[in-house]
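Chain by chain, the residues:
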2 protein chains.
Amino acid sequence: MKTDSLDAPPPEGLMLPVPGVDYGALEGLLGYALRRAQNALYLDFYRATAAWDMSPQRFAALVLIARNPGMRQGLLGQAMGLHRSGALRLTDWLTAQGWAERRDAPGDARTWGLHLTSAGKRRLVKLEAAVAAHDRALLAALGEQGPALKAGLERLAWAATAQSTAPDNKPRRRQPP
Amino acid sequence: MKTDSLDAPPPEGLMLPVPGVDYGALEGLLGYALRRAQNALYLDFYRATAAWDMSPQRFAALVLIARNPGMRQGLLGQAMGLHRSGALRLTDWLTAQGWAERRDAPGDARTWGLHLTSAGKRRLVKLEAAVAAHDRALLAALGEQGPALKAGLERLAWAATAQSTAPDNKPRRRQPP
DNA sequence: TATTGTTATACTCTATAACTATA
DNA sequence: TATAGTTATAGAGTATAACAATA
């Protein structure tokens, strides 16, 4: 199951409109506008977190573990839309870098409880501040329409979910060649 | 240069809020809302284009080539934020699948002119209709705030670009280990 | 000397499938 | 029998670097 993805390397460059190129139907698409915005946001995220070896996904995992100490690896994957194996690799990286650690979970010997290390908690404070500043600057640039945009994105996520999970719209994965 | 990316496989699952999980600072971030929306939109794009072996990126390339017949491979990459080698692979796939073809470009013997094949043009009509329907349904679900959302996304892309390319904010790529 | 496209290679992210241990 | 996590493997997408041909 492969294709065009959500979590990939930071883009080589910006998807800025190139003068002289006709974008045709793309200009009118909400999906394309979303893609362009995310492309730009990703690049700015990497810039804002240059002092850490961070990615939007890793950052989200750190926040989730911080706020839900002892959470299972599988639950982390579920919250992030990842397969179990993806959650494993992500957790491996976080532990290897000293951000988090696996501890025995009470009750079920099959599972780990994920926790931030002391160093991880300490480092996360500054990292969260950097991400918050990056996000705040964007929101500020949008002026009074910022909050409406965020609300709109949340509605959009909901609408797309409803549409792709509707009973007569069978979900689909990419076909093998 | 690797990490978390824009074009990767369709996500395993939706990034829906999981009951009982505390999302902490993520809930307030514009960037996280954007990510969630794109996750859902990607999944719905794949559903809507199930009759083709399509991805948002491939679709964008097809539209660009259709509207700019004879465009160079490098220009395609530039418009899509891709490295030359990425544009090459993308073009290889489009030609292998019979969507497009490389023709000699007049004037410069180093470059190709990219064109849709006749079959590609024919197939693109239905594909564009399917994508447009998918996008229109989302826009409809947003009601009268749809156009504002699209405009907001365009402003957001602009703001993030301005922020990451500001003179005192040096752009950055992920560091090697 | 710079640019276009190519080749070869490597890395990251993701998924699938089979396996182990536990429930 | 089902679930959590693991291991091993494969595939897609992207990038880097060196190269040839052309400008």
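Look up: the structure comes first, before these words.
Residues numbered from 1 in each chain as written. Chains lettered and ligands numbered in written order. Predicted model: local features only at pLDDT ≥ 70, side-chain atom pairs only at ≥ 80, totals over all residues. Heavy atoms only, no water.

## Some points on the overall build of chain A
A tally of helices and strands in chain A yields 6 helices and 2 strands. When its helices and strands are written in sequence order, chain A yields α-α-α-α-β-β-α-α. Expressed as a percentage of its 177 residues, the buried residues of chain A come to 53%. Within chain A, residue pairs in contact and separated by at least 24 positions form 53% of the contacts whose partners lie at least 6 positions apart. When the accessible surface of chain A is summed, it comes to about 8,200 Å², and 56% of that surface belongs to carbon and sulfur atoms. (Helix = DSSP H or I, 4+ residues; strand = E, 2+ residues; numbered from the N terminus. Buried < 20%, exposed > 50% of the residue type's maximum accessible area, 1.4 Å probe, protein only. Contact = heavy atoms within 4.5 Å. Areas by Shrake-Rupley, 256 points an atom, 1.4 Å probe, with all protein chains shown as cover.)

## Regarding the interface of chain B and chain A
At the interface, 98 residues of chain B touch 98 residues of chain A. At the boundary of chain B with chain A, total buried surface from both sides reaches about 8,900 Å², with 62% on carbon and sulfur atoms. Across the chain B-chain A interface, the total number found is 20 residue pairs in polar contact (both at pLDDT 80 or more). Mapped onto the side of chain B that touches chain A, the elements with two or more residues apiece are helix 1 (30–48), helix 2 (56–67), helix 3 (73–80), helix 5 (118–142) and helix 6 (146–164) of chain B. For the side of chain B that touches chain A, the leading source of residues is helix 1 of chain B, giving 17 residues. The residue inventory of the side of chain B that touches chain A, partitioned by class, reads 51 nonpolar, 25 polar and 22 charged. (Buried area = accessible area lost by both parts, 1.4 Å probe. Polar contact = N/O pair within 3.5 Å; in protein donor to acceptor, adjacent residues only side chain to side chain. Nonpolar A, V, L, I, M, F, W, Y, C, P; charged D, E, K, R; others polar.)

## Considerations on the packing of helix 2 (residues 56–67) of chain A against helix 3 (residues 73–80) of chain A
Residues and elements named next belong to chain A. Between helix 2 and helix 3, the shortest axis-to-axis distance is 11 Å and the interhelical angle comes to 125°. Our classification of the angle between helix 2 and helix 3 gives oblique. For the element pair helix 2 and helix 3, the recorded crossing hand is right-handed. Across the interface between the two elements, Gln57, Ala60, Ala61, Leu64 and Ile65 from helix 2 touch Leu76, Ala79 and Met80 from helix 3. Among the residues forming the contact of helix 2 with helix 3, the class breakdown is 7 nonpolar, 1 polar and no charged. (Axes fitted to C-alpha atoms, helices over the stretch in contact; angles between N-to-C directions. Parallel < 35°, antiparallel > 145°, perpendicular 65-115°, else oblique. Left-handed = near helix turned anticlockwise from the far one by under 90°.)

## Comments concerning the relation of the copies chain B and chain A
For the match of chain B to chain A, the screw axis carries a shift of 0.0 Å, the RMSD comes to 0.0 Å, and the turn is 180°. Taken together, these values place the two copies in the relation of a two-fold axis. Interface overlap between copies: 100% of the residues of chain B at the interface are likewise at the interface in chain A, consistent with a symmetric, same-surface contact. (Least-squares fit on C-alpha atoms with pLDDT ≥ 70 in both.)

## Examining the pattern of salt bridges
What the rule picks out here adds up to 14 salt bridges over all chains. For Arg110 of chain A, the salt bridge identified is with Asp108 of chain A, shortest N-O distance 3.0 Å. By relative accessible area, Arg110 of chain A is classed as exposed at 73%. A relative accessible area of 26% means that Asp108 of chain A is categorised as partly exposed. Measuring nitrogen to oxygen at the nearest pair gives 2.9 Å for the salt bridge that ties Glu154 of chain B to Lys150 of chain B. Taken as a pair, Glu154 of chain B and Lys150 of chain B lie in helix 6 at a separation of 4 residues, close to a single helical turn. In this structure Glu154 of chain B comes out as partly exposed when scored by relative accessible area, which is 38%. (Salt bridge = Lys/Arg side-chain N within 4 Å of Asp/Glu carboxyl O.)

## Description of the packing of aromatic side chains
Residue and element names in this part refer to chain A. Within the structure shown, the criterion is met by 8 aromatic pairs over all chains. Ring geometry for Tyr42 versus Tyr46: centroids 6.5 Å apart, planes at 50°, classification tilted. Placement of both Tyr42 and Tyr46 in helix 1 (residues 30–48) is noted, with a separation of 4 residues, approximately one turn of the helix. Feature note: the residues Tyr42, Phe45, Tyr46 and Phe59 constitute an aromatic cluster, connected by ring pairs. A cation sits over an aromatic face here: Arg123 above Trp99, 4.3 Å from the ring centre. (Phe/Tyr/Trp six-rings, centres within 6.5 Å; stacked < 30°, edge-to-face > 60°. Lys NZ or Arg CZ within 6 Å of the ring centre and 35° of its normal.)

## Here's the deal with the nonpolar core
Counting residues in hydrophobic clusters, the biggest one holds 33 residues, and the most contacted among them are Phe59, Leu64, Leu94, Trp99 and Leu127 of chain A together with Leu26 of chain B. Every element with two or more residues in this core is listed here: helix 2, helix 3, helix 4 (84–96), strand 2 (112–116) and helix 5 (118–142) of chain A. Here this core gets 7 residues from one element, more than from any other, and that element is helix 2 of chain A. With 32 residues, the next largest nonpolar core counts Tyr23 of chain A together with Leu62, Leu76 and Leu94 of chain B among its residues. (Core = buried A, V, L, I, M, F, W, Y, C linked by side-chain atoms within 4.5 Å.)

## Here we look at the side chain of Lys150 of chain B
The buried category is assigned to Lys150 of chain B, whose relative accessible area is 16%. Here the side chain of Lys150 of chain B touches Glu27 of chain A through a polar contact of 3.0 Å, landing on its backbone oxygen. Those residues in contact with Lys150 of chain B that sit more than four places away from it in its chain are Glu27, Gly28, Leu29, Leu30 and Ala33 of chain A.

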